[in-house]
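Descriptive analysis of the structure
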Amino acid sequence: MVRRIFLVVILAALGTTVAVAQRSANDSSLLTVDRIFGSPEFRGGSFGPLAWLNDGGYTTLERPADGKPGRDIVRYDAESGFRTTLVHATRLVPPGDSTPLDIEDYSWSPDGLKLLIFTNSQQVWRTNTRGDYWVLDLSGWTLKKLGGNGPASTLMFAKFSPDGGRVGWVRYGENNLYVEELANGKITQLTTDGSRTTINGTFDWVYEEELGLQDGWRWNPDGHSIAYWQLDASGVRDFLLYNVTDSLYAYTVPVQYPKAGQTNSASRVGVVSAAGGETRWLKVPGDPRNSYIARMEWVPSPGKSAGSKELIIQHLNRLQDTLDVMLADAQTGQVRTVFSERDSAWVEQFDQLHFVNAGHDILWLSERSGWSQLYLVPRAGGTPRVLTSGEFDVLDVVRVDTVSASVYYIASPDNPTQRYLYRVNYAKPEQHPQRVSPTSEPGTHSYDIAPNGRFAVQSYSRFGVPPVVTVVSLPDHRVLRTLVDNAPLKTKVQKLRLGGTEFRQVDIGEGVKLNAWFIKPPGFDSTSRYPVLFYVYGGPGSQTVTDAWGGQNYLWYQMLAQRGYIVASVDNRGTGARGRAWRKIIYKQMGVTETRDQAAAARAVGRLPFVDSTRIGIWGWSYGGFMSLNVITQAPDVYRMAIAVAPVTHWKYYDTIYTERYNGLPQDNAAGYDKGSPLTYAKNLTGRLLIVHGSGDDNVHFQNTEAMVNALVAANRPFSLMVYPNRTHSISGGATRQHLFTLLTKFVEDNLPATAQARAAMP
């Protein structure tokens, strides 16, 4: 009798599911995975790539008016919007060809008379940084491919010299630097020792991924010399990716990948004449294999604008708790430390370092007050002067305008889920910063500011509202024109049956309140009880709870809401924009505090009268996959199901720079590594678990999932596993995302079922 009743319930639920699927297919107000991930229906507008010109205008790419192939390069006056076609697509047809170059990126020479075009790109490590470069000379409309007779798609990071007469570049594969004269095609090889393990002018996998370094060389402003990084990767072991899909016989792909506690590349910086010759190496103290040169730039001499005799570098020790800002003499290689940042946890490099006040002061971002704030540090040494202050974080420096002596920066003093543009006068630090983004537009603003500081391209969005891209004047923020209004996408979204959204804080006790957003089902009934699916990332300095357009994932959450789910996301301690103490509580125990916070938030949400606390699930990707595994094994009483996509399962499997920054060396912190690992708690699993991974993931290796599988098998715990052959960390390509989210949707509906009443109530 019990079995028969159970069968009736299953059939009834199945009937409801089929009815819902049929209803979704026939009702344009309802979302489906196929509409979201399998079609361009909800694809937003785009603009660019855009290049600012020194005169305040900008150029971009547009399809020719006659409908012929290629793209024209057009100039717009930022103030008036006056449009001029600078380069017709027909000018971009290589000799002997009939089709214009497919421009992927471009840049102008300083005098605006030559155009450097990047095309035919291929992937190196995580992004497409090698390809072909062409130079178009507008004075005679000559189009020339750089690199001589070298192999196709092997040039990297090509840049005009300051006088526009030469281009420097790195040759992929051999890892050497070259300079090519545009007038006669003469190529000068600046380095000759490049190899797979001696890397000149670019970087290995971990430097690119964790320090954001790809382009590893810099012209001196006078064009006479070049500074460049060199890595010695001879001690770095290869991690072998196993490819079984691209040939009849499987083969391995080696990736230079230093795992936590293992040998790093040694790094140094040298200066070489642009005409060739010996390299002069900077005499940076310490072991180059156990430290990082995280940033390097030429710096102006005080009171002068042309040329430079000094370089500034940001030097991190391996534990990344000390950062020394050093000035180096390019002639002698001697260095001196201007100032140092130290922290009991970690210090991160500052990407937007500038010299201001005629080069006498260094603009710097520091957490020394407990919040990330801007300071002026005397170049000659001395006490830093406060430029911004308050209990909020300065999140980014967008532009330093030397004409108005202004620093434009991103912050949100009153609401860390939002982003606004501010400016402060660095010549008059006593003046209060001014908000530039209008108060009438709450949400998330981002900016690309022109070199002259008078104009910017602004992107503005809100949660559930696609972005609008405009050109604005500064500092009055007057809208001059709209580049992308996304009106068609907004109309499509507005016609959907959407669930209500809410930003709130979740009180988990002991004075800790976590930022969260919620999407509730359309027609929400406060007297009903709904299942809740949490989305988590939770990694250091990150945020998922932001008042910004969420793209395809947001639409997927709305689809789940239409099917009777509350979808929520919570930012645990360790995430960003809430000060040093909030961020660094996780030090040397990644996965511990974050897991407790997420579980406590889920318990608090489970006590809400409209939530069914027996039907709570969670999903996440990468660090979020790590978190999903941790919470379902450490709080099995809270979560009924979890999905972990491309998860880290033990930090010993991840790379040196990221892992050691937050968790220290595994040799010194073995207990901390184990305490935060879901492998330790696999035996506690009682809920339904799906693990998804790409076997070709070069970032979070499939090794992580295999270790979790072994731990679960050893504990005799059931789980589900989906492997996408040879897919990378993004698990994408072709119909992969459509298939993936179909899988995720089915797992949610099968293991965290919405009530038949809620599903039947769908329109």
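The paragraphs below set out a description of the structure included in this document. Every value quoted in this text rests on a predicted model; they were computed, and no experiment measured them.

1. Remarks on the environment of D321
- Tracing the chain through its elements places D321 in the loop between β21 (310–317) and β22 (322–329).
- Using a relative accessible area of 19% as the deciding quantity, one classes D321 as buried.
- Sequence spacing of D321 and G165 is 156 residues, and the spatial spacing of their C-alpha atoms is 43 Å.
- Those residues within four positions of D321 in sequence are excluded, and the remaining contacts are E341, R342, D343, A345, W346 and V347.
- A distance of 2.7 Å separates the side chain of D321 from the side chain of N317, its partner in a polar contact.

2. Thoughts on the sheet that holds strand β38 (residues 530–536)
- On the basis of which strands lie adjacent, the open sheet formed by 8 strands has the order β36-β37-β39-β38-β40-β41-β42-β43 and mixed pairing. Here the strands that pair on one side only, and so sit at the sheet edges, are β36 (501–507) and β43 (720–724). In this sheet, neighbouring strand axes are inclined to one another by 20° on average, regardless of whether the strands run parallel or antiparallel.
- The pairing of β38 with strand β40 (residues 611–621) spans 6 bridges and is parallel. In the sheet register, Y530 faces β40, and the bridge partner there is V611.

3. Things to note about the pairing of strand β6 (residues 114–124)
- With respect to burial, β6 is a largely interior element, 8 of its 11 residues being buried.
- Relative to β6, strand β5 (residues 105–108) runs antiparallel, the two sharing 4 bridges. The residue of β6 that forms the bridge with Y106 is I117.
- Pairing of β6 with strand β7 (residues 127–137), which is carried by 9 bridges, proceeds in the antiparallel orientation. When the bridges of β7 are listed, Q122 appears paired with R130.
- The loop that links β6 with its antiparallel partner β7 comprises 2 residues; one of these, W125, has a positive phi angle of about 55°.

4. Details of the packing of aromatic side chains
- In this structure the tally under the stated criterion is 40 aromatic pairs.
- Centre to centre, the rings of W346 and Y587 are 6.1 Å apart; their planes meet at 50°, and the pair counts as tilted. Here W346, found in the loop between β23 (335–342) and β24 (354–356), pairs with Y587, found in the loop between α6 (580–584) and α7 (593–606); they are 241 residues apart in sequence, far enough to count as distant.
- Exposure remark for Y587: the relative accessible area of 17% places this residue in the buried category.
- Consider the rings of W619 and F741, whose centres lie 6.1 Å apart with planes at 80°: the pair is edge-to-face. Note that W619 is positioned in strand β40 and F741 in helix α12 (residues 736–751), a separation of 122 residues in sequence. As far as burial versus exposure is concerned, W619 and F741 are alike and both buried.

5. Here's the deal with the pairing of strand β37 (residues 513–519)
- Of all 7 residues in β37, 6 are buried; the element is thus mostly enclosed.
- Direction of pairing for β36 relative to β37: antiparallel, over a ladder of 7 bridges. Each residue of the ladder has a partner; that of Q505, found in β37, is N515.
- Once β36 ends, the chain turns through 5 residues before running back antiparallel as β37, passing G509 with a positive phi of about 90°.
- Where β37 meets strand β39 (residues 566–570), 4 bridges bridge the pair, whose relative direction is antiparallel. Of the residues in β39, the one forming a bridge with I519 is V567.

6. Focus on the layout of surface pockets
- Counted as a void, the second largest pocket has a volume near 920 Å³.
- Lining the second largest pocket are 33 residues, and of these E348, Q349, L365, S372 and L395 lie nearest its centre.
- Listed by contribution, the elements that provide at least two residues to the lining of the second largest pocket are β23, β25 (361–366), β28 (394–401) and α6.
- Of the residues contributing to the lining of the second largest pocket, the split by class is 11 nonpolar, 9 polar and 13 charged.

7. Some words on the packing of α7 against helix α8 (residues 623–634)
- In contact at an axis separation of 9 Å, α7 and α8 are set at 65° when each is read in the N-to-C sense. Between α7 and α8, the interaxial angle falls into the category roughly perpendicular. Between α7 and α8 lies a crossing whose hand is right-handed. The residues of α8 that touch α7, namely those facing E594, T595 and Q598, are Y623, M627, N630, V631 and Q634.
- Residue composition of the contact of α7 with α8, grouped by class: 3 nonpolar, 4 polar and 1 charged.

8. Looking at the side chain of N243
- Relative to the assigned elements, N243 resides in strand β16 (residues 238–243).
- In this structure the side chain of N243 is engaged in a polar contact, spanning 3.0 Å, whose partner is the backbone nitrogen of T245.
- Within the structure, the side chain of N243 is placed 3.0 Å from the side chain of D246, a separation counted as a polar contact.
- Apart from residues no more than four positions distant in its own chain, N243 is found in contact with A250, Y251 and N726.

9. Brief notes about empty space enclosed by the protein
- What the rule picks out here adds up to 1 cavity of 30 Å³ or more.
- Here the largest cavity defines a volume of roughly 40 Å³.
- In this structure, the largest cavity is lined by G131, D132, Y133, K145, L146, G150, P151, T154, L155 and R171.
- With 3 residues, the top contributor of residues to the lining of the largest cavity is β7.
- Residue classes in the lining of the largest cavity are distributed as 4 nonpolar, 3 polar and 3 charged.

10. Let's talk about unusual backbone geometry
- Here the residue pair G48 and P49 is connected by a cis peptide bond, since its omega of 5° sits within 30 degrees of zero.
- Following L474, the chain continues into P475 via a peptide bond in cis, with omega recorded as 5°.
- Of note, the phi angle at N120 is positive, near 55°, even though the residue is not glycine.
- Structurally, the position occupied by N120 is in strand β6.
- Its identity is not glycine, yet K588 carries a phi of approximately 65°, on the positive side.
- By the element assignment, K588 lies in the loop between α6 and α7.
- Judged by its relative accessible area of 36%, K588 is partly exposed.

Calculation rules
- Residue positions are given per chain, counting from 1 as you read along its sequence in written order.
- It should be noted that, the model being predicted, local features are given only for residues of pLDDT at least 70 and side-chain atom pairs only at 80 or more, the latter also being counted only at that level, while totals for whole chains, interfaces and linings use all residues.
- Each side-chain value is worked out from all heavy atoms of the structure, with water and hydrogens disregarded.
- Numbering of helices and strands starts at the N terminus; helices are DSSP runs of H or I of at least 4 residues and strands are runs of E of at least 2.
- Classification of residues uses two cut-offs on accessible area relative to the type maximum, computed with a 1.4 Å probe and protein chains only: under 20% is buried, over 50% is exposed, and between them is partly exposed.
- The criterion used for residue contact is that any of the two residues' heavy atoms lie within 4.5 Å.
- Identification of polar contacts relies on pairs of N or O atoms within 3.5 Å, with a donor-acceptor requirement for protein atoms, meaning one able to donate a hydrogen and the other able to accept it, and with residues adjacent in sequence counted only if both atoms are side-chain atoms.
- Here, a strand pair is defined by DSSP locating no fewer than two bridges between the strands.
- The angle between two axes is taken between their N-to-C directions and runs from 0 to 180 degrees, where each axis is a line fitted to C-alpha atoms and a helix contributes only its stretch in contact.
- Two rings belonging to Phe, Tyr or Trp (six-membered ring only in the last case) form a pair when the distance between their centres is within 6.5 Å. Interplanar angles under 30 degrees mark stacking, angles over 60 mark edge-to-face geometry, and anything in between is tilted.
- Put plainly, a pocket is an open set of points on a 1 Å grid over the protein atoms alone with protein on both sides within 12 Å along at least five of seven lines, a cavity is a set where a 1.4 Å probe fits but cannot get out, and a lining residue has an atom within 4 Å of a point.
- Grid points are joined across faces, edges and corners, and a volume is the space filled by probe spheres set on the points.
- When residues are sorted by character, Ala, Val, Leu, Ile, Met, Phe, Trp, Tyr, Cys and Pro go into the nonpolar class, Asp, Glu, Lys and Arg into the charged class, and all the rest, Gly among them, into the polar class.
- Every angle not falling under 35 degrees, over 145, or within 65 to 115 is termed oblique; those three ranges are roughly parallel, roughly antiparallel and roughly perpendicular.
- Crossings are sorted by hand: turned counterclockwise from the far helix by less than a right angle, the near helix makes the crossing left-handed, and turned clockwise it makes it right-handed.

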